[in-house]
Amino acid sequence: MQAPAFSHRAIATRATPVHPVWLRVTHWLNAVAVVVLALSGWRIFNAAPLFRFRFPAELTIGGWLGGALQWHFAAMWLLAVNGIAYVAFNAFSGRAVRKFFPLSPRAVIADLVAALRGRLSHADPHAYNAVQRAAYLFVTLDTVALVLSGLVLWKSVQFPLLRDMLGGYESARRVHFFAMAGLVGFVAVHLAMVMLVPRTLLAMLRGR
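The residue numbering used here restarts from 1 in each chain and proceeds along that chain's sequence as written. Totals for whole chains, interfaces and linings use all residues, but because this is a predicted model, local features are given only for residues with pLDDT of at least 70 and pairs of side-chain atoms are given and counted only at 80 or more. Note: side-chain values were computed over all heavy atoms of the structure, leaving out hydrogens and water.

A. Expanded view of the overall build of the protein. Secondary structure assignment for the protein yields nine helices and zero strands. Ordered by position in the sequence, the α and β elements of the protein form the string α-α-α-α-α-α-α-α-α. The buried label goes to any residue with under 20% of its type's maximum accessible area, the exposed label to any with over 50%, and the partly exposed label to all in between, with areas taken from a 1.4 Å probe on protein chains only. Residue burial in the protein is summarised as follows: out of 208 residues, 32% are buried. Expressed as a percentage of contacts within the protein between residues at least 6 apart in sequence, the contacts between residues at least 24 apart total 68%. Accessible areas in this description were obtained via Shrake-Rupley with a 1.4 Å probe; residue shielding takes into account the shown protein chains only. Summing over all exposed atoms, the protein offers an accessible surface of approximately 13,400 Å²; the carbon and sulfur share of this is 71%. Numbering of helices and strands runs from the N terminus; a helix is a DSSP stretch of H or I covering at least four residues, while a strand is a stretch of E covering at least two. Whether two residues are in contact is decided by their heavy atoms, any of which lying within 4.5 Å being enough.

B. Layout of the packing of helix H2 (residues 21-47) against helix H3 (residues 65-93). Axes here mean lines fitted to C-alpha atoms, for a helix over just the part in contact, with angles spanning 0 to 180 degrees between N-to-C directions. Interaxial distance between H2 and H3 falls to 8 Å at its minimum, and their mutual angle equals 150°. Considering the angle they form, H2 stands roughly antiparallel to H3. H2 and H3 meet at a crossing whose hand is left-handed. Taken together, the residues of the contact of H2 with H3 sort by class into 20 nonpolar, nine polar and one charged. Between 65 and 115 degrees an angle is taken as roughly perpendicular, under 35 as roughly parallel, over 145 as roughly antiparallel, and anywhere else as oblique. For any helix crossing, the convention is left-handed if the near helix is rotated counterclockwise from the far helix by under a right angle, and right-handed if that rotation is clockwise. All residues other than Ala, Val, Leu, Ile, Met, Phe, Trp, Tyr, Cys, Pro, Asp, Glu, Lys and Arg, Gly among them, are scored as polar; the first ten of these are nonpolar and the last four charged.

C. Quick peek at the environment of glutamate 170. Within the element layout of this structure, glutamate 170 appears in helix H8 (residues 169-196). As a C-alpha pair, glutamate 170 and leucine 153 span 17 residues in sequence and 8.9 Å in three-dimensional space.

Printed below as a string of structure tokens:
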């Protein structure tokens, strides 16, 4: 009888979880934190808008400025602590190097063009393409900017050096706003990609 065409390596790859437990836990905690931060942040924005628009009250939480601030601070700590855990697990497990590198502008452009043409392969769920690598690195750096600018807005007097590095309090408000806009934009694209490839959601729920 002829042996199966697939190799032991392929069997091992299938048996290996796509996402470890710690990644799935931090992912969903981050999702909760981002939603709460965005909805409460929009209510805070409405109280002292930077630009000539306001977010619909139906898309905000907190009811009033004080309530929104309480929601925002609670989610801020969740995002910060959970984010530190996510970065630490990625760094010390070696996953960050394996998943996000190497990365080059040429590879990002090539995979982006392939994605727009509907020709981007998803054959190996254990590997990120260049667009995914760039997106995850962007959102990590964007979250750092969000937290640092948030510290200035929360405790401006206690962080004078950080405030000056961001160009002052009002500049920090703009950094915070655009960092949140970048994060919300990432989430929107992320959800759109999940709708196009639904099995990625199953992998994030059950690991396989």
